[in-house]
Amino acid sequence: MSTDPRQEEPLHPDRHQVVVVGSGFGGLFATRALDKTDLDVTMVARTTHHLFQPLLYQVATGILSVGDIAPATRLVLRKQKNAQVLLGDVEDIDLEKQTVTSTLLGRPTVTRYDSLILAAGAGQSYFGNDRFAEFAPGMKTIDDALELRGRILGSFELAEVTTDPLERQRLLTFVVVGAGPTGVELAGQIAELARRTLPGAFRHIDPTDARVILLDGADDVLPVYGGKISRVARNDLEELGIEVQLGALVTDVDSTGLVVKDKDGTQRRIESRCKVWSAGVQASPLGKIVADQAGAEVDRAGRVLVRPDLTLPGHPNVFVIGDMMSLDKLPGLAQVAMQGGRYAAKQIEEGLHGASPDARPPFKYFDKGSMATISRFNAVAKVGKLEITGFIGWVAWLVVHLMYLVGFRSRLSTIMSWTVTFLGKGRSQMASTEQQVFARVALERIQREDGKSTGTSGSEKENPGPDRATG
Ligand SMILES: Cc1cc2nc3c(=O)[nH]c(=O)nc-3n(C[C@H](O)[C@H](O)[C@H](O)COP(=O)(O)OP(=O)(O)OC[C@H]3O[C@@H](n4cnc5c(N)ncnc54)[C@H](O)[C@@H]3O)c2cc1C
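What you see is a predicted model, and the numbers here were worked out from it, not measured in a lab.

The rules behind the values
Within any chain, residue numbers begin from 1 and follow the written order of that chain's sequence. Only residues with pLDDT of at least 70 are given local features in this predicted model, and only at 80 or more are side-chain atom pairs given and counted; all residues enter the totals for whole chains, interfaces and linings. In DSSP terms, a helix is any run of H or I states spanning at least four residues, a strand is any run of E spanning at least two, and both are numbered starting from the N terminus. Radius of gyration: C-alpha atoms only; globule rule: 2.2 Å multiplied by the number of residues to the exponent 0.38. In this scheme the burial state of a residue depends on its C-beta neighbours within 10 Å: 20 or more other such atoms mean buried, 12 or fewer mean exposed, and anything in between means partly exposed; the C-beta positions come from the backbone. By the convention adopted here, residues are in contact when the distance between their C-beta atoms, placed from the backbone, does not exceed 7 Å. Being paired, for any two strands, means DSSP has found at least two bridges between them. Only the contacting stretch of a helix is used when fitting its axis, a line to C-alpha atoms as for every element, and angles between N-to-C directions run 0 to 180 degrees. Here, nearness means that the C-beta atom of a residue, built from backbone geometry, sits within 6 Å of the molecule or strand in question. Classification convention: Asp, Glu, Lys, Arg as charged; Ala, Val, Leu, Ile, Met, Phe, Trp, Tyr, Cys, Pro as nonpolar; all other residues, Gly among them, as polar. Take the residue count of a helix, subtract one, and multiply by 1.5 Å to get its expected span. The reported arc concerns the directions from the helix axis to the C-beta atoms and nothing else. One nonpolar core equals one set of buried Ala, Val, Leu, Ile, Met, Phe, Trp, Tyr and Cys residues connected by C-beta atoms within 7 Å. The handedness criterion is simple: a crossing whose near helix is rotated anticlockwise from the far helix by less than a right angle is left-handed, and one whose near helix is rotated clockwise is right-handed. Domain start and stop positions are those given by an automatic or database domain assignment.

Peer 1: How do you make sense of the overall build of the protein when you look at a structure like this?
Peer 2: Scanning the protein from N- to C-terminus turns up 13 helices and 24 strands. In terms of overall size, the protein behaves like a compact globule, its C-alpha atoms giving a radius of gyration of 23 Å where 471 residues would be expected to give roughly 23 Å. Buried residues in the protein amount to 45% of all 471 residues. In the protein, the share of contacts with a sequence separation of at least 24, taken over all contacts with a separation of at least 6, comes to 63%.

Put into structure tokens, the structure is as follows:
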């Protein structure tokens, strides 16, 4: 197989070429905003879908299917004639040559751009302890959510057949690290799965015996909200039977549990087979690649410090948006990415009509609020100074999430799945496979072994691989 880079053919070589990296909130909304503009857009992304990350936890806990929250980008953009989709992992960006190099299964493609919108998002951060990932996966991708579903359901299955009471307890202890919105939502749904959906389905265990522990180093759940919302959320979680442990820092994770250091300095161990990490984010490494070339800074989370028009210094044609950029302490939220995408598209369009980059208005984020569900019929939301909790918060959550799900089919099937789960007790997506549980660690092991055979990195002894079924 030849590895000579292929040059991506522009749709219309005489037109302005925009390359968008990423098909998430920033990338897709930027591409769609350029629909009516006289230019070509190439959206390069490592997945063939647009992922609605805020509902990943519902895939992990058997409520929604993958298709509900991840429509195919090719189909979403089918009618947008000035756009094309290129599947590939972007590995390099050359600001001088104005090219983006992506690879698909080892086949490199170089795509030239006149304007670039970088929206490659962020991954999980283990704060320097990447080895934790093997035993406590994060939840950023569809693969992560399906792996988690397998680990959660697999724990109940193993508990059903184990004869060792200690091991059964370990299997029925679920630990979620990080009490931000994702951790709160996931812990709430694991508890509801155990207490509402699974009772009566097993013969040797009582699923309601499951312990769900939500841990955080901070002193509040949902610390970004603080005040009343944090207090209400904590109470509601405890009423659901979730053990909320705050001021607790995780210092080690292995296949059978984790070690936690409390505020008074005491260390303790929690025995648990199924751990989930939702404690930190690290922006795409592409940020550092372009920042180094442009002389821009990146913050500790790898986000690029952009100019007020979301561009790199000295490169008014290169926009960095969404979870990859740092500006005015804006949070890592879908709205920040969507609005950034639309803003970048508008500046490119105005440039085509002769507007100078120096005349661009600064990006202004319009805060539409943020929200998190605790359980069915119960959510917290903050819109400006308005704080909403309980059922009204949940209705607001429902409406907003339906509004932003891409595609009529996704909305319809999501409404049906929610009816099954929220009005009844069932969950329609309870299938999981061994491959979903083991594939990530197996792939990482193969990559390590490849590295070892070429003498680069990796040690089999240091990384013993997962225990069967729940790792
Ligand atoms: C579990 C979870 C729950 C969340 N809940 C909420 C919520 O309730 N409300 C809210 O507002 N926000 C929420 N967020 C945050 C929100 O999803 C992000 O802020 C938003 O997705 C950022 O958009 P983005 O376009 O910057 O990145 P993303 O949406 O993450 O998109 C990044 C895109 O880049 C692609 N990509 C990455 N690297 C490469 C590469 N090297 N080459 C090619 N393509 C690449 C990815 O495949 C993806 O298509 C949540 C996030 C998570 C993970």
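Moving on, there is more to tell.
Peer 1: Looking at this structure, I do not really get the sheet that holds strand E19 (residues 311–312). What am I missing?
Peer 2: Pairing between the strands of a sheet is mediated by backbone hydrogen bonds and can be parallel or antiparallel. The strand order across the open sheet formed by 6 strands is E4-E3-E2-E8-E20-E19, and the pairing between neighbours is mixed. Edge positions in the sheet fall to strand E4 (83–87) and E19, since each has one partner strand and no second. On the sheet, helix H10 (residues 334–352) packs against strand E2 (16–21), strand E3 (39–45), strand E8 (115–118) and strand E20 (315–320) and is oriented at approximately 175 degrees with respect to E8.

Peer 1: Could you clarify how one ought to interpret the site of the ligand in this entry?
Peer 2: Near the ligand you find 34 residues, and of these Gly22, Gly24, Gly26, Gly121 and Gly322 are the closest. Breaking the shell around the ligand down by element, the ones donating at least two residues are helix H1 (25–33), E3, strand E5 (89–94), helix H7 (181–197) and H10. Classifying every residue of the shell around the ligand gives 16 nonpolar, 14 polar and 4 charged.

Peer 1: Looking at this structure, I do not really get unusual backbone geometry. What am I missing?
Peer 2: Glycine aside, the phi torsion of most residues is negative, and most peptide linkages are trans. A positive phi is found at lysine 329, a non-glycine position, where the angle reads about 55 degrees. Take lysine 329: it is sitting in the loop between strand E21 (325–326) and H10. Residue classification places lysine 329 among the exposed residues on the basis of 5 C-beta atoms within 10 Å. Of note in this structure, phenylalanine 377 is not a glycine but carries a positive phi near 65 degrees. Relative to the helices and strands, phenylalanine 377 resides in the loop between strand E22 (370–375) and strand E23 (378–383). According to the C-beta neighbour criterion, phenylalanine 377 is partly exposed, with 13 such atoms within 10 Å.

Peer 1: Looking at this structure, how should I read the environment of arginine 196?
Peer 2: Turning to its location among the elements, arginine 196 is positioned in helix H7. Separated by 230 residues in the primary sequence, arginine 196 and glycine 426 place their C-alpha atoms 8.2 Å from one another.

Peer 1: Just checking my understanding: could you explain the sheet that holds strand E12 (residues 242–245) for this structure?
Peer 2: Reading across the sheet, the 4 strands line up as E12-E11-E10-E16 and stay open at both edges, with parallel pairing between neighbours. Both outer strands of the open sheet, E12 and strand E16 (274–277), are each paired with one neighbouring strand and no more. The sheet shows a mean angle of 15 degrees between the axes of neighbouring strands, direction not considered. Sheet topology places strand E11 (residues 211–215) next to E12; 4 bridges connect them, and they run parallel. Bridge pairing links isoleucine 213 to glutamate 243 in E12.

Peer 1: What is the right way to read helix H11 (residues 390–404) from this model?
Peer 2: Residues that lie three or four places apart on an α-helix share one face, since the helix turns once every 3.6 residues. End to end, H11 covers 22 Å across 15 residues, agreeing with the expected 21 Å (1.5 Å per residue, within 8%). All buried positions along H11 are accounted for by Gly393, Trp394, Trp397 and Val400. For H11, the buried positions fall inside an angular range of 130 degrees around the axis, keeping them on one side. Set apart from the buried face of H11 by more than 90 degrees, the exposed residues are Phe391, Ile392, Val399 and Met403. Here the buried face of H11 lies against E22, E23 and strand E24 (386–388).

Peer 1: Looking at this structure, how should I read the nonpolar core?
Peer 2: One broad trend across soluble globular proteins is that nonpolar side chains are buried collectively. Of all hydrophobic cores here, the largest spans 74 residues; its most connected members are Val184, Ala187, Leu214 and Val380. If you tally residues by element for this core, the top one is helix H5 (residues 142–161), at 8 residues.

Peer 1: What am I meant to see in the environment of threonine 48 here?
Peer 2: For threonine 48, the location among the structural elements is in the loop between E3 and helix H2 (56–60). Along the sequence, threonine 48 and arginine 409 sit 361 residues apart, while their C-alpha atoms lie 17 Å from each other. Those residues in contact with threonine 48 that lie beyond four places of it in its chain are Ala72, Thr73, Arg74 and Leu87.

Peer 1: Looking at this structure, I do not really get the packing of H1 against H10. What am I missing?
Peer 2: For any two helices packed against each other, one specifies the crossing angle of their axes together with the interaxial distance. It is the contact of H1 with H10, at a shortest axis distance of 7 Å, that shows an interaxial angle of 35 degrees. Considering the relative orientation of H1 and H10, their crossing is right-handed. Residues Phe25, Gly26, Gly27, Phe29, Ala30 and Ala33 of H1 touch H10, and the partners they reach there are Ala334, Ala337, Met338, Gly340, Gly341, Arg342, Ala344, Ala345 and Lys346. Its residues assigned to classes, the contact of H1 with H10 comprises 9 nonpolar, 4 polar and 2 charged.

Peer 1: What is the right way to look at the domain arrangement of the protein in this model?
Peer 2: Accessible area lost when the parts come together is the quantity often used to give the size of an interface. As far as domains go, the protein holds domain 1 (1–46 + 88–125 + 280–366 + 433–471) and domain 2 (130–279). Placing a centre on the C-alpha atoms of domain 1 and another on those of domain 2 gives a separation of 32 Å. Listed per partner, the contact involves 15 residues of domain 1 and 20 residues of domain 2. When contributions to the side of domain 1 that touches domain 2 are tallied by element, the ones reaching two or more residues are strand E9 (122–124) and helix H13 (434–453). In terms of residue count, the dominant contributor to the side of domain 1 that touches domain 2 is H13 (4 residues).

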